[in-house]
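Analysis of the macromolecular model
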There are 2 protein chains.
Amino acid sequence: MADGVRRSGPSCPGVPMPHRRTTTFTPPTAAVHRSVDVVVVGAGMAGLACARALHRRGADTIVLEARARVGGRVLTTSADGRLVELGGQFIGPGQSRAYALAAELGLHPLPTHASGRHLVEDTRGRPHRYAGSVPHCAPHALLDVALALRQFEHLARTIDCAAPWRSPHAARLDAATLGDWIRRHVRTRHGRRLFTLACEAVWSAQPAELSLLHALFYARAAGSFDALLRTEGGAQQDHLAEGAQALALRMADQLAGRVRLETAVRSITQHDGTVRVRTADGDTWRARHVVVAVPPTLACRIHYDPPLPAERDALTQRLPMGSVVKCVALYPAPFWRRENLSGQVTSLCGPMRAAFDSSPRDASYGVLLGFVEGSAARAHARRSPGDRRAAVTAQLARLFGPRAGEPQHYTEVDWAAEPWTRGGYAALFPPGAWTLLGPALRRPVGRIHWAGTETSTRWCGYIEGALDSAHRVCAEITAAEAG
Amino acid sequence: MADGVRRSGPSCPGVPMPHRRTTTFTPPTAAVHRSVDVVVVGAGMAGLACARALHRRGADTIVLEARARVGGRVLTTSADGRLVELGGQFIGPGQSRAYALAAELGLHPLPTHASGRHLVEDTRGRPHRYAGSVPHCAPHALLDVALALRQFEHLARTIDCAAPWRSPHAARLDAATLGDWIRRHVRTRHGRRLFTLACEAVWSAQPAELSLLHALFYARAAGSFDALLRTEGGAQQDHLAEGAQALALRMADQLAGRVRLETAVRSITQHDGTVRVRTADGDTWRARHVVVAVPPTLACRIHYDPPLPAERDALTQRLPMGSVVKCVALYPAPFWRRENLSGQVTSLCGPMRAAFDSSPRDASYGVLLGFVEGSAARAHARRSPGDRRAAVTAQLARLFGPRAGEPQHYTEVDWAAEPWTRGGYAALFPPGAWTLLGPALRRPVGRIHWAGTETSTRWCGYIEGALDSAHRVCAEITAAEAG
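Values in this document were obtained by computation on a predicted structure and should not be read as measured data.

**Some thoughts on the overall build of chain A**
A count of helices and strands for chain A gives 15 helices and 21 strands. Here chain A has a C-alpha radius of gyration of 22 Å; the compact-globule value for 483 residues is 23 Å, and the two agree. By its C-alpha atoms, chain A is 65 × 55 × 40 Å across when sized along the principal axes. Within chain A, residue pairs in contact and separated by at least 24 positions form 74% of the contacts whose partners lie at least 6 positions apart. Summing over all exposed atoms, chain A offers an accessible surface of approximately 16,900 Å²; the carbon and sulfur share of this is 52%. Positive and negative charge centroids in chain A, built from 58 and 42 side chains respectively, lie 3 Å apart.

Shown next as structure tokens:
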């Protein structure tokens, strides 16, 4: 094995010029059987954290990754030496594993810029300034939203995150959609729009796609819905000075030679206490355990022999990904700050529904990032790249003035078009999935273990959830080997 | 090519002793490129009908089928020379293509036995006799159900089957689940049970899993909900004397040498106006068009290059299959008829929720078939084969007396465990799928065309829908070639 070889492979379709930070890899050889203790499928945050933990316990571990890079839904590229965060990037209070990992790897959390006035763009594309966490709008709509939020938070506190299907009234909550709940509990048109916008921002999906039980679980797994929505004190509070992908790159470095890129897994066979993992190149890896650390909807595209139990298969048939396009614009400076603008945007007009200032600490350049979510993301993706850029920069100009309309650099990624992710931020649980098939989410199938942020009971859908799942699976395998 | 070779391959997992009627096949050869006009993936009713229609128009067509048999969700086996229908079998009025195909292939529709009293089993497992189409129960529950049915039928008539997302109030109907609708519109506990039972029988799923819009579409695509529920005058009116799989076997015979069994498709590549279809054996077929005629949730397990458009992929992430176990018991005679019982059962107790008499016309032996559906099917499947048989035969004994508890032959198939179907009867559309992604259901992707009963605007989920989709795709390809 040639450790520490530096490589740059072809870019992933849809990702323009990924910042190809070097990582260790093992060069391809002929199709042979190799033996390890554990094969990890997927070099996202969950897969890498799991492999690293197992490696530290002395297990001979290999990570097989379909892409030419590590990080999964976390992707930091660069433009003229400036970081561009194209995937998951935020961490916030309560995410103890993420902060601990960052500290251990020598990475530095930075607060997301939040001082100054935020902007809310109305349905006609007119920006209005506001302070605090609730956009400027009519008092009756605000009251309406506040009351609905209180009801939602109250319901969320009843959820058993370890087993949502055991929560009080689980069947009823899981037979309703979040969209239907909003229609019934938010009474004003403007209030519904705001509430829906918040849901789109959290799930990058339309509220109609989500089970109410899942929405409540997801909020509860983060503490509260408020924690998901907040910048200061919430899920968007910090990001890493070195870029979020540095978490993945440094974990991969520690796994020197144990991460194999451009190695898509095609089949997993279990027989007589041994697992065989076959790649698209025809290589076969023999192992005592395999950890599948990819989103559920991709996990079911691997061929399993014997076939997976019906309930596990049925669950993965039901967990689609949300749709999100992340847009990043770079400027010579965060000039909006001089006008006392925070860079934070909520928009009822679009294409971006939410935006943030993600400039570096020294403000040596300016970064605005935005999210096009749910059906807006799909509509956006149908346009030509030129039209997409024009629509986003026009919106930035409406919000921050003509200078914002001409960024030095503009990049976007449509995560639904990425064949090795197929959406974002995370899997959506439609009605019935939790109550009818929930127990199959984490239950190992023989020597196959399921990792990934979707399998977490804490901060499901976030980097923290991915790390949490790695911790659980590592313990699962350790216990199996000890037993 | 060796036409007319007879073969018997290994049985499909979960299917005990399939009745291996011979079909033509082409023997395996080394991995080579072969050229045809059209490759059809899947030898179910849609795939075979499509291949046959294209073949008749002179197109050089090959059907690649993963299983060792044709028929897909239609499967007729035999026990001691008696037919055992383990999959889809019923046809009914309005299904013009199915009757025409049966007639053309020399097959004979038989009415499903319906004379005599039906049975309804209450929650304590006590059978009650009734006549007509509505089970015996309290008048207020009956009125409750009747009013809800009327509302449902009224709503169903508003649906545009060609484009459900354009129906009036589509967004609202698609944000609700059928389960939630039942809870709100059926007021008595007993009424809800009956309505839910009817839904389980139609969709083999819990009402919470289905979008209300989809349930309305599905009913409308068959004419009405009543048409789906009825035996006489409805979807269960007839079955074929020769077994439903004879439709598939005879179509395959007409395609002499053009159906290749045990040939799973692993990838589909489109490039420069040519499609390449690669099988698990490593063979590559080159074609001008490919028809994917497998359920949506299996279609997304094929590897596509270039990757499918995000919207198509997102749709297939969202269309899981229902869960159903079909049980068949054989007796020396249909002895229940002598007690003026029709053999038709509706059960609030289970495991079977519905049963029918499917004995041959000459009553030379007796056949009772039953369906375990939705979450009951999953619970049933968790038990041992012996316990499953014991539970079903005990139920038959409760219903039809001790003789029914000791069938000469008993078979069941858990369709969710079948790796090349993964559920039944058909795909379920959860909330949001139709309105957010509906247009991607039938839209070809370059030279890839989508067939299967799920893509039909008429009798979606039935044999008729599969045949209808074949007709559409054949026209699609013909038009593409003419254009």
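**Some words on the sheet that holds strand β18 (residues 354-357) of chain B**
Two modes of strand pairing occur in sheets, parallel and antiparallel, and in both the strands are linked by backbone hydrogen bonds. Residues and elements named next belong to chain B. On the basis of which strands lie adjacent, the open sheet formed by seven strands has the order β8-β7-β17-β18-β19-β16-β20 and mixed pairing. At either margin of the open sheet sits one strand with a lone partner, and together these are β8 (127-130) and β20 (409-414). With strand direction ignored, the average angle separating the axes of adjacent strands in the sheet is 20°. Bridge count between strand β17 (residues 341-347) and β18: two bridges; the pairing is antiparallel. Each bridged residue has a counterpart across the sheet, and for Val 345 the counterpart in β18 is Ala 355.

**What about the nonpolar core?**
B:Phe152, B:Leu178, B:Phe195, B:Trp203, B:Tyr218, B:Phe225 and B:Leu228 are the most contacted members of the largest nonpolar core, which totals 53 residues. For this core, the secondary structure elements donating two or more residues are α3 (139-156), α4 (170-174), α5 (178-185), α6 (189-203), α7 (212-221), α8 (225-229), α11 (310-317) and α14 (433-437) of chain B. For this core, the leading source of residues is α7(B), giving eight residues. Here this core gathers at least three residues from each of two domains, domain 1 (33-73 + 244-320 + 425-482) and domain 3 (138-229) of chain B. Excluding anything up to four places from it in sequence, B:Phe195 contacts B:Val145, B:Ala148, B:Leu149, B:Phe152, B:Trp181, B:Ile182, B:Val186 and B:Phe225. Core analysis: the next-biggest nonpolar cluster, separate from the first, contains 52 residues, A:Cys199, A:Leu216, A:Ala433 and A:Tyr462 among them.

**Details of the interface of chain A and chain B**
Contact residues are listed per partner, giving 42 residues for chain A and 42 residues for chain B. Buried area between chain A and chain B, both sides added, is near 3,500 Å², and the carbon and sulfur share of it is 52%. For the chain A face of the interface with chain B, the top three residues by lost area are A:Arg301, A:Gln317 and A:Arg422, together amounting to 18%. Counting across the interface, chain A meets chain B through eight salt bridges. The closest approach of N and O atoms between A:Arg422 and B:Asp313, which form a salt bridge, is 3.1 Å. In this structure, the connection of chain A to chain B is made through 22 residue pairs in polar contact (both at pLDDT 80 or more).

**Regarding the UniProt feature "domain: Amine oxidase" (unreviewed entry) in chain A**
The sites that UniProt annotates as "domain: Amine oxidase" (unreviewed entry) are residues 45-477 of chain A. Here residues 45-477 of chain A runs as 34% helix and 21% strand, with 18 Å between its end C-alpha atoms.

**Looking at the relation of the copies chain A and chain B**
Between chain A and chain B, the superposition needs a rotation of 180° and an axial shift of 0.0 Å, giving an RMSD of 0.0 Å. Put plainly, the chains are arranged around a two-fold axis. If distances are taken from each C-alpha of chain A to the rotation axis, the shortest is found for A:Arg301, at 2.2 Å. Residue by residue, 100% of the interface of chain A is reproduced at the interface of chain B, so both copies engage with the same surface.

**Section: the sheet that holds strand β21 (residues 448-450) of chain B**
All names here are of chain B. Overall, parallel pairing links the five strands, which are arranged β10-β3-β2-β14-β21 in an open sheet. Strands at the two margins of the open sheet, each flanked by one partner only, are β10 (259-260) and β21. Note: strand β3 (residues 61-64) against β10, two bridges, orientation parallel. Residue pairing across strands places Val 63 opposite Val 259, the latter belonging to β10.

**Some points on the pattern of salt bridges**
By the definition in use, this model includes 48 salt bridges over all chains. Residue B:Arg183 pairs with B:Asp180 through a salt bridge whose shortest N-O separation is 3.5 Å. Residue B:Arg183 and its partner B:Asp180 are both found in helix α5; the two are separated by three residues, about one turn of the helix. Look at B:Arg183 and you get partly exposed, because its relative accessible area is 32%. A single salt-bridge network, built from bridges that share partners, covers A:Arg97, A:Arg458, A:Glu464 and A:Asp468.

**Concerning the pairing of β18(B)**
Residue and element names in this part refer to chain B. Side-chain alternation along β18 places Ala 354 and Phe 356 on one buried face and Ala 355 and Asp 357 on a second face that is also buried. Sheet analysis places β18 next to strand β19 (residues 366-373), joined by four bridges and oriented antiparallel. In the strand pairing of β19, Ala 354 is matched with Phe 371.

**Examining the domain arrangement of chain A**
Residues and elements named next belong to chain A. Splitting chain A by domain gives domain 1 (33-73 + 244-320 + 425-482), domain 2 (76-115 + 235-243 + 324-414) and domain 3 (138-229). Spacing between the C-alpha centres of domain 1 and domain 3 amounts to 30 Å. Listed by partner, the interface residues are 21 residues for domain 1 and 26 residues for domain 3. Among the residues domain 1 hides against domain 3, the three largest losses belong to Tyr 425, Leu 428 and Trp 434. Together they make up 33% of the total. The interface formed by domain 1 and domain 3 includes zero salt bridges. Inspection of the region where domain 1 meets domain 3 yields eight residue pairs in polar contact (both at pLDDT 80 or more).

**Let's talk about α5(B)**
Within α5(B) the residues assigned to the buried category are B:Leu178, B:Gly179, B:Asp180, B:Trp181 and B:Ile182. For α5(B), the elements touching its buried residues are α5 (178-185) of chain A together with α3, α6 and α7 of chain B.

**Quick word on unusual backbone geometry**
Here the residue pair A:Asp305 and A:Pro306 is connected by a cis peptide bond, since its omega of 0° sits within 30 degrees of zero. Inspection of the secondary structure puts A:Pro306 in the loop between β15 (303-305) and α11 (310-317). The peptide bond linking B:Gly350 to B:Pro351 adopts the cis configuration, its omega dihedral lying at 5°. Looking at the element boundaries, B:Pro351 is found in the loop between β17 and β18. Positioned with a positive phi, A:Trp459 is a non-glycine residue whose angle comes to about 50°. Structurally, A:Trp459 can be placed in the loop between β21 (448-450) and α15 (463-482). Given a relative accessible area of 4%, A:Trp459 falls into the buried group.

Criteria and thresholds
Every chain's residues receive numbers from 1 upward, in the order its sequence appears when written. Chain labels run from A onward and ligand labels from 1 onward, assigned in the order the entries are written. Residues qualify for local features only when their pLDDT is at least 70, as the model is predicted, and side-chain atom pairs are given and counted only at 80 or more; totals for whole chains, interfaces and linings, by contrast, use all residues. Only hydrogens and water are set aside; all other atoms, that is, all heavy atoms of the structure, feed into the side-chain values. Numbering of helices and strands runs from the N terminus, with a helix taken as a DSSP run of H or I at least four residues long and a strand as a DSSP run of E at least two residues long. For the radius of gyration, the atom set is restricted to C-alpha positions; the globular benchmark scales as 2.2 Å times the number of residues to the power 0.38. For this analysis, residues touch if any pair of their heavy atoms sits within 4.5 Å. Computed with a 1.4 Å probe, the accessible areas rest on the Shrake-Rupley method; for each residue, only the protein chains presented here act as cover. Charge counting treats Lys and Arg as positive and Asp and Glu as negative, with His and both chain ends excluded. Positions of charges follow a simple convention, taking NZ of Lys, CZ of Arg, CG of Asp or CD of Glu. For two strands to count as paired, DSSP must find a minimum of two bridges between them. In this description, a line fitted to the C-alpha atoms serves as the axis of each element, helices being fitted only across the stretch in contact, and the angle between N-to-C directions of two axes falls anywhere from 0 to 180 degrees. What is meant by a nonpolar core is a set of buried Ala, Val, Leu, Ile, Met, Phe, Trp, Tyr and Cys residues, joined one to another through side-chain atoms within 4.5 Å. Between buried and exposed lies partly exposed: a residue is buried under 20% and exposed over 50% of the maximum accessible area for its type, with that area taken using a 1.4 Å probe on protein chains only. Either an automatic procedure or a domain database provided the assignment from which the domain bounds are taken. Buried area adds together the accessible area that both of two parts lose upon being put together, with accessible area traced by a 1.4 Å probe. Whenever a carboxyl oxygen of Asp or Glu lies within 4 Å of a side-chain nitrogen of Lys or Arg, that contact is scored as a salt bridge. In the analysis that follows, any N or O atom pair within 3.5 Å is treated as a polar contact, provided that within protein one partner can donate a hydrogen and the other can accept it, and provided that, for residues neighboring in sequence, both atoms belong to side chains. UniProt positions are given in the numbering used here, feature names are shortened, and annotations may be inferred rather than shown by experiment. The superposition of copies rests on a least-squares fit of C-alpha positions from residues with pLDDT of 70 or more in both.

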